[in-house]
Amino acid sequence: MAKLHLRFVCQACGAVTPKWAGRCESCGEWNTIAEEPQGSGPLPAARPGARLALLPLAGEAEPPARLATGIAELDRVLGGGLVAASAVLVGGDPGIGKSTLLLQAAASLARGGESVLYVSGEEAADQIRLRARRLGLETAPLRLASAIDVRAIAATLESERPGLVVIDSIQTMWMEGVESAPGTVTQVRASAFELIRLAKSRGFCLILVGHVTKEGSLAGPRVLEHMVDAVLHFEGDRGHQFRILRGVKNRFGATDEIGVFEMTGQGLAEVPNPSALFLAERRGHVAGNAVFAGLEGTRPVLLEVQALLAANRSGGAPRRSVLGWDGARLSMLLAVLEARCGLALAGSDVFLNVAGGLRIVEPAADLAVAAALVSAATGQPAHAGTVYFGEIGLSGEVRQVPQAELRLKEAQKLGFERAVLPRRVARGSGGLLPAGLALEEIGHLSDLTREMGVK
Ligand code: TYD
Ligand code: MG
């Protein structure tokens, strides 16, 4: 028998080195290099390859067949449902609700007549049954297995011919003949490769659950993200009941869509109108708050931005504490407020929070963040019926942002009366703006600070 040689594999990126090192040279992560036995590579070719069939670029292209899960917030993120013969990776922190979401989706498809197999390597059948009972799904004709052996799963697929297979989680799967422990990058890659190959050849939808490490990357196998057709992240603050499902890669749809859920005693409930939920606990007339008319994918979402300023008594550098927004962007805004509008906040501790636990990535939030900061600085509440959106440049100019019309319609729908926004938006969108809303177009950040009482 051939002697097994040891090699060292980065558990984050899969790079192979002959020696152990504290830091992976390839991806720069620390403490990710682990020892794994050699011998899991491809076998030498036994026959020459067959010639490929070459095709012209022009030709019929059918839209992919989709399986709608019936959970609208999930289907939207997927681009209209699960695509047959494709693999989706659902990542998220432990305890965020991945198993709950997928059990609900699997049960919904099973009830709709689809053949569904749910394989858990993490929980015993009894635990999953308990969860199903709690969710009121115990009568769904779903087939369940508690297993980690990929070859046994493959053998089961032969006779069961499912339309959907859920693997919870890929980190627990184990492939016989691969000389590494479950959870190592070699095992995860080999198991995922085999399961994806089966999904492609047999035409079923495959959902893989993947854990996320403390640092926020999908645990170990970043390689997995390349192997699957879609990657969804399930996020949220465990202290909040909101959960956001975000598409980060999708070969069959857009990636900027989100699905919003609420964790309840009976599982995840869809939130078709997130703005109302995010604004539900808002208290009017508090200095430091401003409402941002944002966009998540194709959907407008109104969010409250909250700012708090405190005198820095530590004598050290002032604190900048940001939740739900980009810290560098906050520093830039503080500098612009000081240099262009004469509002000096550089010496204060600044705390910024997006209420509800959502993370804003759009630069369009600049104007709302600025309004919250100015209101915190003056102690005057921003007008409660106003929404803000607009990107701010380094010279203080307020720049255009996409989809003003959608943002304004949402604001009007939720009872707002006024919007502060970049110039020329009204004319640019051909008069389709909602009528009942007073529009205040501004060209420069100082228009806002002046209006809010900064001299
Ligand atoms: P789970 O789906 O097990 O998370 P993951 O698979 O991502 O690790 O959900 C775990 C949490 O959700 C757990 O702390 C309990 C809570 N939960 C509810 O609040 N309501 C429910 O109906 C269910 C099933 C779970
Ligand atoms: Mg789970």
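Keep in mind it's a predicted model, so treat the numbers as computed, not measured.

**Thoughts on the site of ligand 1**
So, point 1. Near ligand 1 lie 16 residues; those nearest to it are Gly95, Ser99, Thr100, Thr264 and Gly267.
So, point 2. Here an oxygen atom of ligand 1 and a backbone polar atom of Ile96 are 3.3 Å apart.
So, point 3. Measuring from an oxygen atom of ligand 1, one finds a side-chain N or O atom of Ser99 at 2.7 Å.
So, point 4. Coverage of ligand 1 by the protein amounts to 75% of the 550 Å² it exposes when considered alone.
So, point 5. Of all the secondary-structure elements, those providing two or more residues to the shell around ligand 1 are helix 2 (98-111), helix 3 (125-134) and strand 13 (258-264).
So, point 6. Broken down by element, the residue count for the shell around ligand 1 peaks at 3 residues, all from helix 2.

**Digging into the sheet that holds strand 7 (residues 116-120)**
So, point 1. Pairing is mixed across the open sheet formed by 9 strands, whose spatial order is 8-7-9-10-6-11-12-13-14. Both edges of this open sheet fall to strand 8 (143-146) and strand 14 (267-270), since each of them pairs with a single strand only. For this sheet, the mean angle separating the axes of adjacent strands, direction not counted, is 25 degrees.
So, point 2. Where helix 2 meets the sheet, it contacts strand 6 (87-92), strand 7, strand 9 (164-168), strand 10 (205-211), strand 11 (230-235), strand 12 (242-250), strand 13 and strand 14, and its direction lies at approximately 160 degrees from that of strand 7.
So, point 3. Together, strand 6, strand 9 and strand 10 form the strand contacts of helix 5 (residues 185-202), whose direction differs from that of strand 10 by roughly 160 degrees.

**Details of empty space enclosed by the protein**
So, point 1. In the structure shown here, the tally under the stated rule is 4 cavities of 30 Å³ or more.
So, point 2. Around the largest cavity, the lining comprises 15 residues; the ones closest to its centre are Arg282, Asn289, Ala382, His383 and Ala384.
So, point 3. The leading source of residues in the lining of the largest cavity is strand 15 (residues 289-296), at 3 residues.
So, point 4. For the lining of the largest cavity, the residue count by class is 7 nonpolar, 5 polar and 3 charged.
So, point 5. Forming the walls of the second largest cavity are Arg66, Leu78, Gly81, Leu82, Val83, Ser86, Ala87, Val88, Asp229, Ala230, Asn250 and Phe252.
So, point 6. For the lining of the second largest cavity, the secondary-structure elements that each account for two or more residues are strand 5 (82-83) and strand 6.

**Some details on the layout of surface pockets**
So, point 1. Considered as a void within the structure, the largest pocket measures approximately 410 Å³ in volume.
So, point 2. Along its surface, the largest pocket is lined by 24 residues, and His240, Val354, Gly356, Gly357 and Leu358 are the ones closest to its centre.
So, point 3. For the lining of the largest pocket, the element with the most residues is strand 12, which contributes 3 residues.
So, point 4. Its residues assigned to classes, the lining of the largest pocket shows 9 nonpolar, 8 polar and 7 charged.
So, point 5. Residue-level mapping places the lining of the largest pocket at the junction of two domains, with at least three residues from each of domain 2 (66-272) and domain 3 (277-451).

**So, helix 8 (residues 327-341)**
So, point 1. Here helix 8 contains 15 residues, and its C-alpha end-to-end distance of 20 Å stays within 8% of the 21 Å for a straight helix at 1.5 Å per residue.
So, point 2. Looking only at helix 8, the buried set comprises Leu330, Met332, Leu333, Leu334, Val336, Leu337 and Cys341.
So, point 3. Taken together, the buried residues of helix 8 touch strand 17 (320-323), strand 18 (348-354), helix 9 (366-378), strand 20 (391-392) and helix 12 (445-451).
So, point 4. Count one or two residues on from helix 8 and you reach Gly342, which has phi positive near 65 degrees.

**Concerning the packing of helix 8 against helix 9**
So, point 1. Interhelical geometry of helix 8 versus helix 9 gives an angle of 60 degrees and a closest axis separation of 11 Å. In this view, helix 8 runs oblique relative to helix 9, as classed from their interaxial angle. As helix 8 runs across helix 9, the sense of the crossing is right-handed. For the pair formed by helix 8 and helix 9, the contact residues are Arg329, Leu330, Leu333, Leu334 and Leu337 on the first element and Asp366, Val369, Ala370, Leu373 and Val374 on the second.
So, point 2. Considered class by class, the residues forming the contact of helix 8 with helix 9 number 8 nonpolar, no polar and 2 charged.

**Some words on the nonpolar core**
So, point 1. Judged by nonpolar contacts, the single largest core of 62 residues is most densely connected at Leu373, Leu445 and Leu448.
So, point 2. Counting residues per element, this core draws most heavily on helix 9, at 8 residues.
So, point 3. Formed jointly, this core draws a minimum of three residues from each of two domains, domain 2 (66-272) and domain 3 (277-451).
So, point 4. The residues touching Leu448, leaving out its near neighbours within four places in the chain, are Leu367, Ala370, Ala371, Tyr388, Val420 and Ile442.
So, point 5. Ranked by size, the runner-up nonpolar core spans 35 residues in total, among them Leu74, Ala107, Ala110 and Phe261.

**Re the pairing of strand 8**
So, point 1. As defined by bridge partners, strand 7 adjoins strand 8 across 4 bridges and the pair is classed as parallel. Residue pairing in the sheet places Val119 in a bridge with Ala145 of strand 8.
So, point 2. You can see the chain leave strand 7, run along helix 3 and come back into strand 8, and the turn it takes is right-handed.

**Here's the deal with the pattern of salt bridges**
So, point 1. This model, assessed by the stated rule, comprises 20 salt bridges.
So, point 2. Lys200 serves as the salt-bridge partner of Asp229, at 2.7 Å between the closest nitrogen and oxygen. Here Asp229 is found in the loop between helix 6 (223-227) and strand 11, whereas its partner Lys200 is found in helix 5, with 29 residues between them in sequence.
So, point 3. In this structure, a network of salt bridges that share partners links the residues Glu73, Arg76 and Arg299.

**Overview of the packing of aromatic side chains**
So, point 1. Summed over the entire model, instances satisfying the criterion amount to 2 aromatic pairs.
So, point 2. Measuring from centroid to centroid gives 6.0 Å for Phe234 and Phe261, while their planes differ by 80 degrees, and the two rings are edge-to-face. Here Phe234, found in strand 11, pairs with Phe261, found in strand 13; they are 27 residues apart in sequence, far enough to count as distant. Each of the two residues, Phe234 as well as Phe261, counts as buried.
So, point 3. Pairing Phe242 with Phe278 gives two aromatic rings, centres 5.1 Å apart and planes at 75 degrees, and the pair type is edge-to-face. On the criterion of sequence distance, the pair formed by Phe242 in strand 12 and Phe278 in helix 7 (residues 274-278) is long-range, its members being 36 residues apart.

Thresholds applied
Sequence order sets the numbering: in each chain, residues are counted from 1 along the sequence as written. Whichever chain is written first is A, and whichever ligand is written first is 1; the rest continue in order. Given that the model is predicted, a residue must reach a pLDDT of at least 70 before its local features are reported, and side-chain atom pairs must reach 80 or more before they are shown or counted; all residues, however, enter totals for whole chains, interfaces and linings. As a rule here, side-chain values cover all heavy atoms of the structure and leave hydrogens and water aside. Definition of nearness: a residue and a molecule or strand are near each other if at least one heavy atom of the residue lies within 4 Å of the molecule or strand. Polar contact criterion, stated in full: a pair of N or O atoms within 3.5 Å, where within protein one must be able to donate a hydrogen and the other to accept it, and residues adjacent in sequence count only if both atoms are side-chain atoms. We get accessible surface area from the Shrake-Rupley algorithm with a probe of 1.4 Å; when it comes to residues, only the shown protein chains can shield them. Secondary structure follows DSSP: runs of H or I at least 4 residues long count as helices, runs of E at least 2 residues long count as strands, and numbering of each begins at the N terminus. Being paired, for any two strands, means DSSP has found at least two bridges between them. Angles shown run from 0 to 180 degrees and are taken between the N-to-C directions of axes, each axis being a line fitted to C-alpha atoms and, for helices, limited to the stretch in contact. In this analysis, two residues are considered to be in contact whenever any of their non-hydrogen atoms come within 4.5 Å of each other. We place a 1 Å grid over just the protein atoms. Points where a 1.4 Å probe fits but has no way out form a cavity, open points with protein on both sides within 12 Å along at least 5 of 7 lines form a pocket, and any residue with an atom within 4 Å of a point lines it. Grid points are joined across faces, edges and corners, and a volume is the space filled by probe spheres set on the points. When residues are sorted by character, Ala, Val, Leu, Ile, Met, Phe, Trp, Tyr, Cys and Pro go into the nonpolar class, Asp, Glu, Lys and Arg into the charged class, and all the rest, Gly among them, into the polar class. Domain ranges listed in this record stem from an automatic or a database domain assignment. For a helix, the expected span equals 1.5 Å multiplied by the residue count minus one. Accessibility here uses a 1.4 Å probe with only protein chains present; expressed as a share of the type maximum, an area under 20% marks a residue as buried, one over 50% as exposed, and anything in between as partly exposed. Angle categories: roughly parallel below 35 degrees, roughly antiparallel above 145, roughly perpendicular from 65 to 115, and oblique for all the rest. Left-handed describes a crossing in which the near helix is turned anticlockwise from the far one by less than a right angle; the clockwise case is right-handed. We define a nonpolar core as any set of buried Ala, Val, Leu, Ile, Met, Phe, Trp, Tyr and Cys residues linked to one another through side-chain atoms lying within 4.5 Å. Here the term right-handed applies to a crossover when the path leading from its first strand over the helix to its second strand runs clockwise, the strands being oriented away from the viewer. Criterion for a salt bridge: a side-chain nitrogen of Lys or Arg within 4 Å of a carboxyl oxygen of Asp or Glu. Here a Phe, Tyr or Trp ring, Trp counted by its six-membered ring, pairs with any other such ring whose centre lies within 6.5 Å, and the pair is stacked when the planes are under 30 degrees apart, edge-to-face when over 60, and tilted otherwise.

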